[in-house]
Amino acid sequence: MRVLITGATGYIGRRLKYRLQREKNLTIRLLMKQDKSSYPNDAVEVYTGNTFDIPSLHLALNGVDVAYYLVHAMDSPNYRERDRQSAHNFLEACIAQGVKRIIYLGGLGEKQSASEHLLSRIEVGEILSSRPDAVQTLWFRAGVIIGSGSASFEIIRHLVEKLPFMITPKWVNTLCQPSAQKDVIEYLSLAAFLEMRENAIIDIGSEVMSYKALLLGYAKAVGLRRTLIPVPFFSPKLSSYWLTLMTPVPYSIASALIEGLKSEVLVRNDNAQKLFPSIVPIPYAQAVELAIEEIKHEQIISRWSDASGHAWEVNHSDLANAIYSDRQIIPIHPNESASVYKMFCSVGGKKGWFGYDILWRIRGAIDKLFGGYGISRGRRDPVHLRIGDSVDFWKVVDLQEEKRLLLFAQMKLPGVAWLEFLIKDGNFYQTAYFYPYGLAGRLYWFALIPIHFFVFKGMANNLIRSVRKGVEDS
Ligand SMILES: NC(=O)c1ccc[n+]([C@@H]2O[C@H](COP(=O)([O-])OP(=O)(O)OC[C@H]3O[C@@H](n4cnc5c(N)ncnc54)[C@H](OP(=O)(O)O)[C@@H]3O)[C@@H](O)[C@H]2O)c1
């Protein structure tokens, strides 16, 4: 059997790939927007393309039996239209290529009370299921996913760990049925082998509980005492700003989640139990423990922020477009290359930015105030990076062993910015590039020149100093 995973660089897609690799006699193919040469060679077929590039879709679906649809365009302004088009393109290409089964993961909830984002997920499910005569569709519906790195879990974790008292909106009493991330991946992987020809909607979730119980359940798991005081005056807008400031998610994600919290998301059919009797849903408390274990052991496979969003739409190799730059050059010995590479790949997160961390934190706070990511996303892993990883408010867009790390700025900026670390011809180059939008962009760059002078110079010098200190210490 050959399966195709679309959304292979996303939170669910990355984990599903790891799980499916345990299956024998299965060929795994991935469709991803990023250049395939950037993906580690780990015994999977990798195709570059996307659901709007029809020829790439046909090529990727050729010879495929089961196609996973784990794609969404939540961060585009017109995401509902894009998601509809994307699903239509996918369905038509699956039919043309003789795919036998589509497996889709959407959200739990009813159409009448659905948020804009959930409505879009429902529309996608309806489109993919609309040709049962030509291709079967198994449509899974999950609510809050509890697992390390999932957006909902990160929000719960940050709120509980930061706030001893929480004044909360009324919606904390809304009921939901969370799913352990491990269960979700198990359902999706077993679905490839299900002996059944008809379409099915499969609702998944564990026990029924309120969002308040989710927050208090996490507090109990980590041994914290927390008090929640629900008040009626919290508007969705205020709640979204509060989540943006207190947690790593940007305003766009916070507001979509808050909108969804107003109505109950409960399992409406027992298909999961009937079709997958071997899976006994993991209770919430245990799902939290599993997530904490993964974080403790720094074994996080994927995070909600791993998908690149629009990062690939920018031409990263063409830094020549950047009008302004700040370059630091430091000569290094050839035998220092490996250590210098390792050192610049450890930048950000808990380690910080090699000096002036307070300034980075202030910049992160300003970003949060404008609804951006800030620096609270940190890193997935303290040492290793891969393309697509988020590092505070940056995204890794190029990584070449012992040579280059290119970060693309995802902070709110009046322009486009990159930060490049490069080892070349016996030198270490650190370059910040900026392409300004209009007058605001130009004023921004010039206003920051004095700060950049200290921050970038200090970063390059301290980075090399840390490498040499490490050698001396050892
Ligand atoms: N995560 C949850 O908590 C959760 C809960 C319930 C349901 N779900 C459902 O699970 C599915 C997957 O969610 P997720 O959290 O894994 O999403 P995600 O992390 O945002 O990943 C989305 C993936 O889709 C890819 N993508 C976006 N547009 C594409 C296009 N036009 N063509 C090809 N690939 C495209 C992205 O590629 P790039 O990396 O290149 O941008 C990324 O790999 C969604 O349907 C979601 O509604 C998720």
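Before reading further, recall that the structure is shown in the block above.
The shown structure was predicted, so the numbers you read here are calculated from the model rather than taken from an experiment.

Caption draft 1: Representation of the sheet that holds strand 16 (residues 394-400) in the model. One open sheet holds the six strands; their spatial order is 14-19-18-17-16-15, and the pairing between them is antiparallel. This sheet does not close on itself; its edge strands, each paired only once, are strand 14 (324-331) and strand 15 (390-391). Where strand 18 (residues 415-424) lies against strand 19 (residues 427-436), 10 bridges are found, and the strand directions are antiparallel. Note on strand 19: the bridge partner recorded for G415 is P436. In the packing of helix 12 (residues 337-344) onto the sheet, contacts are made with strand 17 (404-409), strand 18 and strand 19, and the angle to strand 18 comes to roughly 155°.

Caption draft 2: Highlighting the site of the ligand. Around the ligand there are 36 residues in total, and G7, G10, I12, N50 and A307 lie nearest to it. For the shell around the ligand, the secondary-structure elements that each account for two or more residues are helix 1 (11-20), strand 2 (27-32), strand 5 (101-107) and helix 5 (151-162). Tallied by class, the residues present in the shell around the ligand amount to 16 nonpolar, 17 polar and three charged.

Caption draft 3: View of the environment of Y437. Relative to the elements of secondary structure, Y437 occurs in the loop between strand 19 and helix 14 (438-473). Judged by C-beta crowding, with 12 C-beta atoms within 10 Å, Y437 ranks as exposed. On a C-alpha basis, the gap between Y437 and M74 in space is 24 Å, while along the polypeptide they are 363 residues apart.

Caption draft 4: Region of the structure containing the pairing of strand 18. Counting buried positions over the 10 residues of strand 18 gives seven, a clear majority of the element. Sheet analysis places strand 17 next to strand 18, joined by five bridges and oriented antiparallel. Residue pairing for strand 18: L406 is matched across the bridge by E420. Where strand 18 folds back onto strand 19 in an antiparallel hairpin, the turn is made up of two residues, including D425, whose phi is positive at roughly 45°.

What counts and how
- Every chain's residues receive numbers from 1 upward, in the order its sequence appears when written.
- It should be noted that, the model being predicted, local features are given only for residues of pLDDT at least 70 and side-chain atom pairs only at 80 or more, the latter also being counted only at that level, while totals for whole chains, interfaces and linings use all residues.
- Two strands form a pair only when DSSP identifies at least two bridges running between them.
- Under the DSSP-based scheme used, a helix requires at least four consecutive residues in state H or I and a strand at least two consecutive residues in state E, with every element numbered from the N terminus.
- Contacts here follow a simple rule: the backbone-placed C-beta atoms of the two residues must lie within 7 Å.
- A fitted line through C-alpha atoms serves as each axis, taken over the contacting stretch for helices, and the angle formed by two N-to-C directions is quoted from 0 to 180°.
- As a rule, any residue with its backbone-derived C-beta atom within 6 Å of a molecule or strand is reported as near that molecule or strand.
- Gly is put with the polar residues, along with every residue not named as nonpolar or charged; the nonpolar set is Ala, Val, Leu, Ile, Met, Phe, Trp, Tyr, Cys and Pro, and the charged set is Asp, Glu, Lys and Arg.
- Exposed residues have 12 or fewer other C-beta atoms within 10 Å of their own C-beta, buried residues have 20 or more, and residues in between are partly exposed; the C-beta atoms are placed from the backbone.

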